[in-house]
Each structure stands twice: as C-alpha cells, then as structure tokens.
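As a plain string of letters, each chain reads:
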Amino acid sequence: MVDCLFCKIARKEIPAAVTYEDETVIIFKDIQPKAPVHLLVVPKEHIESIGHLKGDHREIVSKIIFAAKEEAAKNNLKGYKLVFNVGRAGGQLIDHLHLHLLGGWTEGVAQSLNV
Ligand code: AMP
Ligand code: ZN
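Criteria and thresholds
Residues numbered from 1 in each chain as written. Chains lettered and ligands numbered in written order. Predicted model: local features only at pLDDT ≥ 70, side-chain atom pairs only at ≥ 80, totals over all residues. Heavy atoms only, no water. Helix = DSSP H or I, 4+ residues; strand = E, 2+ residues; numbered from the N terminus. Rg over C-alpha atoms; globule rule 2.2 N^0.38 Å. Buried < 20%, exposed > 50% of the residue type's maximum accessible area, 1.4 Å probe, protein only. Contact = heavy atoms within 4.5 Å. Lys, Arg positive; Asp, Glu negative; His and termini not counted. Charge placed at Lys NZ, Arg CZ, Asp CG, Glu CD. 1 Å grid on protein atoms, 1.4 Å probe; cavity = no way out; pocket = protein on both sides within 12 Å on 5 of 7 lines; lining within 4 Å. Points joined across faces, edges and corners; volume = space filled by probe spheres on them. Nonpolar A, V, L, I, M, F, W, Y, C, P; charged D, E, K, R; others polar. Donors = N, O, S within 2.8 Å, 3.2 Å for Na, K, Ca; no water. Tetrahedral: all angles 85-135°; square planar, octahedral: opposite > 155°, others 65-115°.

- An unreviewed UniProt entry lists the protein under the name Hit, with Candidatus Jorgensenbacteria bacterium GW2011_GWA1_48_11 given as the organism.

Structure (structure tokens):
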C-alpha cells in the first residue's frame, strides 16, 4: 500500500472536505486555497504525475477532466482554470496526480493570474 497523502485521503484515513466521489475519482477542497473556489480532482489510483502516465491511464485522465467540468458547473463557475503541476520544477509538491480546479473570481481578476 502506497504511503501517500492523497491515497490516504482517498481511503478516508485522513479527513478532507470531499465534494464529489465515484469509483475512479475523488474531489476535495484544497487546504490552502489560491482562488475563491479551489478544488483538487484526484484519481483514486496512485499515479505519480502526468509524466508517469501509461497508455492504460487514458480513461482515468478523461474521467478526471469530465469530473472537473461537471464540478465547475455544479459550482456555477462561468470560467475557471485547470492546472496540472508536473514534477518539482513544475511546482508539483504532492506526488499523486491531481488537477487543480480554480475559479470564482470576479470578472477581470483571473486575467491578472495568467501565466
Ligand atoms: P501541487 O503543488 O500541485 O502538488 O499541489 C498540492 C496541493 O495540495 C496544494 O495546493 C496544497 O495546498 C494541497 N494540499 C496539501 N495537503 C492537503 C490536504 N491535506 N488536503 C487538501 N489539500 C492539500
Ligand atoms: Zn497516492
């Protein structure tokens, strides 16, 4: 069993503010939000990063993106950002694949966060 924070959240060994869950994906609030709405869309399977994807992960990645889209709609987000940090040099601190869903700014504010 992998000793990993997000695996432990997926297994309910560590609490998190879960907003959605199915057999493949869990979504919970980021503990240090960088936007008014900041959720993490996480596969239950331990995959280290986008850089570690294999061919048979295609369906999981697709499910993550669709779950993010549906969660954004549930939160009435007009626009949002979806971010995968990949590797330390890409800002990834937790080595379990996760998609940041960021939104809820008032109009114009997101513009200033563009990279
Ligand atoms: P990254 O830098 O892409 O690896 O993002 C990791 C994210 O996980 C950061 O935005 C953290 O604030 C968030 N995080 C760390 N620990 C927890 C936790 N226990 N529950 C929810 N989010 C967390
Ligand atoms: Zn993990």
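Additional details are given in the paragraphs that follow.
### Let's talk about the overall build of the protein
Next up, step 1: A count of helices and strands for the protein gives two helices and five strands.
Next up, step 2: The linear arrangement of helices and strands in the protein, starting from the amino end, is α-β-β-β-α-β-β.
Next up, step 3: Computed over C-alpha atoms, the radius of gyration of the protein comes to 14 Å, within 12% of the 13 Å expected from 2.2 N^0.38 for 115 residues, which places it in the range of a compact globule.
Next up, step 4: Taking the principal axes of the C-alpha coordinates as reference, the protein spans close to 45 × 30 × 25 Å.
Next up, step 5: For the protein, buried positions account for 35% of its 115 residues.
Next up, step 6: Taking as baseline every contact in the protein between residues at least 6 positions apart, the subset at least 24 positions apart corresponds to 52%.
Next up, step 7: Seen as two clouds, the 14 positive and the 14 negative side-chain charges of the protein have centres 4 Å apart.

### A few points about the side chain of H98
Next up, step 1: Here H98 is to be found in the loop between β4 (80-83) and β5 (99-103).
Next up, step 2: Not counting chain neighbours up to four residues away, the residues in contact with H98 comprise F6, L40, V41, V42, V83, F84 and Q92.

### Observations concerning the layout of surface pockets
Next up, step 1: In this structure, the largest pocket occupies an estimated 570 Å³ of space.
Next up, step 2: Elements supplying a minimum of two residues to the lining of the largest pocket: α1 (5-10), β2 (25-29), β3 (37-43), β4 and β5.
Next up, step 3: If one sorts the elements of the lining of the largest pocket by residue count, α1 sits on top with three residues.
Next up, step 4: Residue classes in the lining of the largest pocket are distributed as 15 nonpolar, seven polar and four charged.

### Things to note about the coordination of the zinc ion (ligand 2)
Next up, step 1: Donor atoms from the polypeptide that coordinate the zinc ion (ligand 2) comprise C4 (SG), C7 (SG), H46 (ND1) and H96 (ND1), at 2.0 to 2.3 Å from the metal.
Next up, step 2: Every donor counted, the four donor atoms about the zinc ion (ligand 2) form angles of 106 to 118 degrees at the centre, which fits tetrahedral coordination.
Next up, step 3: In primary-sequence terms, the residues that donate to the zinc ion (ligand 2) follow C-x2-C-x38-H-x49-H. With C4 in the segment before α1 and H96 in the loop between β4 and β5, this residue pair connects regions lying 92 residues apart in the sequence.
Next up, step 4: C4 gets classed as buried once you look at its relative accessible area, which sits at 8%.

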